[in-house]
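# Structure assessment
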Amino acid sequence: MRTGAEALCQALEAAGVRHAFGLPGTQDVDLHAALRSSGITFVNTTHELAASFMSGAYFRASGRLAPIFAIAGPGFTHVLTGLAEAAQDSAATLLVVGAPQPGPRPFQFQALDQAAMAGPVVKAVIRLDDARLVERETRRAVALALEGEPGPVMLQWTQAALADPALPSGDEPVEPGPVQAAGPGFEAAVRDAAALLGAAQRPVVMAGQGAMGAATSVAALAERLGAAVVTTTSGRGLLPEDHPLSMAFELARGGLEGLDALVDAADAVLVVGCKLGATSTGDFRLSLPPARLVRVDASREVLDAGYPAAVPVLSRAEPFLPALLRRLGPAPPPPGAGWRPEQLASWRQRLAQGATGRLPEVAVRGLEPPTPQALFAALRRALPRHGVVVTDSGQHQELTRRWLDVLSPGGLLVPSDFQSMGFGLPAAIGAALAAPGRPVVAVIGDGAFSMTAMELLTAVRLRLQLVVVVLADGSLNRIRLQQLAAHGRSHGVELLNPDFAAFAEAVGADHELVEGDAEAVFRRALQRPGVTLLEVRLGDSVAVHRSRARGLVRRLPGIPLARRMARWAFGGRARTGRLEGACAPSGDLKPVGPARS
């Protein structure tokens, strides 16, 4: 007779679970005994927060579920931020957590209302009280996490449910059927969508993360229609950004006005696998014409929110796009349909312009030219097309999104709609485990790195081949640049970085400074076995100094010093080019001029 803990692990294994993340505790000894006997690899992390980020990224990199195992109390609360990130980023995950133990008196140990705390960020809370129902309820939890818009589910276990005898395998009550791929009226929706899109002469396809499992069909449909393709940040690489139909657009690169103009010029728009949230629509300023819009999503809630469509389709992308292609037929677009090559090139150029409100870019020390564009161009040349770049939250993410072309599905993984700091390194570990055939590079700011840096120990212990690039400027630089632009001074953003070479040596990783031939440095790191920590040193560019001067001028109107600073910032020496390439370390009182070694 198997125990409830064994039934839980067997149900997860039968659902295709290969990895799980977390930290064991005194309450889940029975569960880890069952895990040890299963085919699931348990990854012991240094922190439950990191485990939750690993789990969400694992799903986004592979489409497979990797649960989080946590105990009640701090284990549970540490995971909450990762659950919120997963919920916002449409990532399926399963939190397997101990329920607080009831008692006859108040003030029981670790007594929290878990359901009330996690309720807003999970799709469901399922409680395991009866060992005989553990396998059925575990299967139901997995199905809920995956169906519709993917997201987190919390599975609470009690000690009795884990320790008591479970029903023999195959004797459990049957739960509802498998995850629905397509909603009612599917064939009629395919017909209506084909009629609208097939007649279009200027079609646009906007694809998001929900279409990642249908990347081949996205490319085939775009070529069949001659459509211009735009993706959300999470969907980048669905169509390689060097493909002639790709607009290679996102809001970190160009202005919303260009995208609005493209959509306005289109006579049909297909939005697939994209919930059209605030981050992908410029806080909902994007205009999408209902009469010319086809929306495809696996979530009824998504279809009913925000952007009405002439043809709403409740379906996953995987069955819908092949059905649409079959309906359209294999022939190329009829004469006059689709964009002409010169039109596509013109729109691609237009979409890359017009971004407003950008913070000034920093300088990259040790490179020539000392620009982020040069840094990411070197990374792109060194990284194979199928490589994955993972970022954290911060200025480094904006620079990555702006300057790195994504050439394969899932080639860029960022904390999209919740923007959690500390995400980058754990997420890269999750992606590396989920997709072992793809090289993974984490690009992280030094502030974000400091939040989960000890997960380098996890990566080393797992013997992963992983490249971690830390952009080091000694501050929370995105916030600092905002403060300088507004006030000319910064506050509360300074960091004390470790000696990165010594840190890497201490945890068993290699270290190298990115300078000189950056492409060669990246290539060495990608070919080196094990974990490599690459350090990129940043400083203030001329643009940063000018932004600081403008901020001071705004705060010191009418003061002679301010007038002199204004002349310096907007003319005089700055106009002569004497400061071109100036690169001082970050900090408000550092001299302008060439960086000293």
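Since the structure is predicted, the reported quantities are computational estimates derived from the model, not experimental observations. (Residues numbered from 1 in each chain as written. Predicted model: local features only at pLDDT ≥ 70, side-chain atom pairs only at ≥ 80, totals over all residues. Heavy atoms only, no water.)

At a minimum axis separation of 9 Å, helix α14 (residues 372-382) and helix α15 (residues 395-403) run at an interaxial angle of 65 degrees. By the criterion of interaxial angle, the relationship of α14 to α15 is roughly perpendicular. Of the two possible hands of crossing, α14 and α15 adopt the one that is right-handed. Contacts between α14 and α15 involve Pro372, Gln373 and Phe376 from the former and His396, Leu399, Thr400 and Trp403 from the latter. (Axes fitted to C-alpha atoms, helices over the stretch in contact; angles between N-to-C directions. Helix = DSSP H or I, 4+ residues; strand = E, 2+ residues; numbered from the N terminus. Parallel < 35°, antiparallel > 145°, perpendicular 65-115°, else oblique. Left-handed = near helix turned anticlockwise from the far one by under 90°. Contact = heavy atoms within 4.5 Å.)

Let us look at the side chain of His243. Here His243 shows up in the loop between β8 (228-231) and α10 (256-265). Separated by 3.0 Å, the side chains of His243 and Glu223 make a polar contact. A polar side-chain atom of His243 sits 3.0 Å from the main-chain amide nitrogen of Leu245. Those residues in contact with His243, other than ones at most four positions away along the chain, are Glu223 and Arg348. (Polar contact = N/O pair within 3.5 Å; in protein donor to acceptor, adjacent residues only side chain to side chain.)

Glancing now at helix α16 (residues 424-434). The buried count for α16 comes to 11 of 11 residues, which makes it a mostly enclosed element. Inspection of α16 places Gly424, Leu425, Pro426, Ala427, Ala428, Ile429, Gly430, Ala431, Ala432, Leu433 and Ala434 among the buried residues, and these make up the whole buried set. (Buried < 20%, exposed > 50% of the residue type's maximum accessible area, 1.4 Å probe, protein only.)

In this structure, Met247, Leu259, Leu262, Leu288 and Phe320 are the most contacted members of the largest nonpolar core, which totals 61 residues. No other element matches helix α12 (residues 317-328), which puts 7 residues into this core. Of all hydrophobic cores here, the second largest spans 55 residues; its members include Met54, Phe76, Leu413 and Leu425. (Core = buried A, V, L, I, M, F, W, Y, C linked by side-chain atoms within 4.5 Å.)

What follows covers the packing of aromatic side chains. Aromatic rings considered in pairs are described by the distance between their centres and by the relative angle of their planes. Evaluation of the coordinates by the stated rule reveals 7 aromatic pairs. Aromatic side chains Phe21 and Tyr58 sit 6.1 Å apart centroid to centroid with 70 degrees between the ring planes, which places their arrangement in the edge-to-face category. Note that Phe21 is positioned in strand β1 (residues 19-22) and Tyr58 in helix α3 (residues 48-62), a separation of 37 residues in sequence. When sorted by exposure, Phe21 lands in the same class as Tyr58, which is buried. With 6.3 Å between their ring centres and 75 degrees between their planes, Trp339 and Trp347 make a pair best called edge-to-face. Per residue, the accessibility class of Trp339 equals that of Trp347, and both read buried. By the ring-pair criterion, three or more aromatic residues cluster together here, those being Phe449, Phe500 and Phe503. (Phe/Tyr/Trp six-rings, centres within 6.5 Å; stacked < 30°, edge-to-face > 60°.)

Looking now at the pattern of salt bridges. What the rule picks out here adds up to 27 salt bridges. With its nearest N and O atoms 2.8 Å apart, the salt bridge here joins Asp242 to Arg385. Here Asp242, found in the loop between β8 and α10, pairs with Arg385, found in the loop between α14 and β13 (388-391); they are 143 residues apart in sequence, far enough to count as distant. The partly exposed category is assigned to Asp242, whose relative accessible area is 45%. Here the residues in one salt-bridge network are Arg236, Glu241, Glu250, Arg253, Arg401 and Asp405, joined through shared partners. (Salt bridge = Lys/Arg side-chain N within 4 Å of Asp/Glu carboxyl O.)

A word on the confidence of the model for the protein chain. Residues at a pLDDT of 70 or more form 88% of the protein chain, whose mean pLDDT is 89. The low-confidence segment residues 572-597, where pLDDT is below 50, has 56 contacts with residues more than four positions distant or belonging to other chains. (pLDDT = per-residue confidence, 0-100.)

Turning our eyes to something else, we now look at the packing of α3 against α16. Where α3 meets α16, the closest approach of the two axes is 7 Å, and the angle between their N-to-C directions is 45 degrees. Of the possible angle classes, the one that applies to α3 and α16 is oblique. Relative to α16, the crossing made by α3 is right-handed. Note on element contacts: α16 touches α3 through Pro426, Ala427, Ile429, Gly430, Ala431, Leu433 and Ala434, opposite Ala50, Phe53, Met54, Ala57, Tyr58, Ala61 and Ser62.

Turning our eyes to something else, we now look at the sheet that holds strand β10 (residues 293-297). Within a beta sheet, neighbouring strands are joined by backbone hydrogen bonds and run either parallel or antiparallel to one another. Taken in spatial order, the 5 strands make up an open sheet running β8-β7-β9-β10-β11, and their pairing is parallel. Either end of the sheet is taken by a strand with one partner, and the two such strands are β8 and β11 (311-314). The mean angle between the axes of side-by-side strands here comes to 15 degrees, regardless of whether they run parallel or antiparallel. Note: strand β7 (residues 203-207) against β8, 4 bridges, orientation parallel. The residue of β8 that forms the bridge with Val204 is Ala228. (Pairing = 2+ DSSP bridges.)

Two strands pair when backbone bridges link them, and strand β17 (residues 510-513) and strand β18 (residues 531-540) are joined in this way by 4 bridges, in the parallel orientation. Looking at β18, one finds that Asp510 is bridged to Thr532. Taking the sense of rotation as the criterion, the β-α-β connection linking β17, helix α21 (residues 518-527) and β18 turns out right-handed. (Right-handed = clockwise from strand over helix to strand, strands pointing away.)

Tracing the backbone through its elements, the reader meets Leu65 in the loop between α3 and β3 (68-70). Residue class for Leu65 comes out buried when judged on its relative accessible area of 6%. For Leu65 and Gly16, which are 49 residues apart along the polypeptide, the C-alpha to C-alpha distance reads 7.7 Å. Excluding residues that lie within four positions of it along the chain, Leu65 makes contacts with Val17, His19, Tyr58, Phe59, Ala92, Thr93, Leu94, Val142 and Ala145.

Here we come to the pairing of β10. With 5 of 5 residues buried, β10 is to be regarded as a mostly interior element. What you see with β10 is no split at all: Leu293, Arg295 and Asp297 on one side and Val294 and Val296 on the other are buried throughout. Across 4 bridges, the pairing between strand β9 (residues 268-272) and β10 is parallel. Residue pairing for β10: Val269 is matched across the bridge by Leu293. Sheet topology note: the β10/β11 ladder contains 4 bridges and is parallel. Paired with Val296 across the strands is Val313, a residue of β11.

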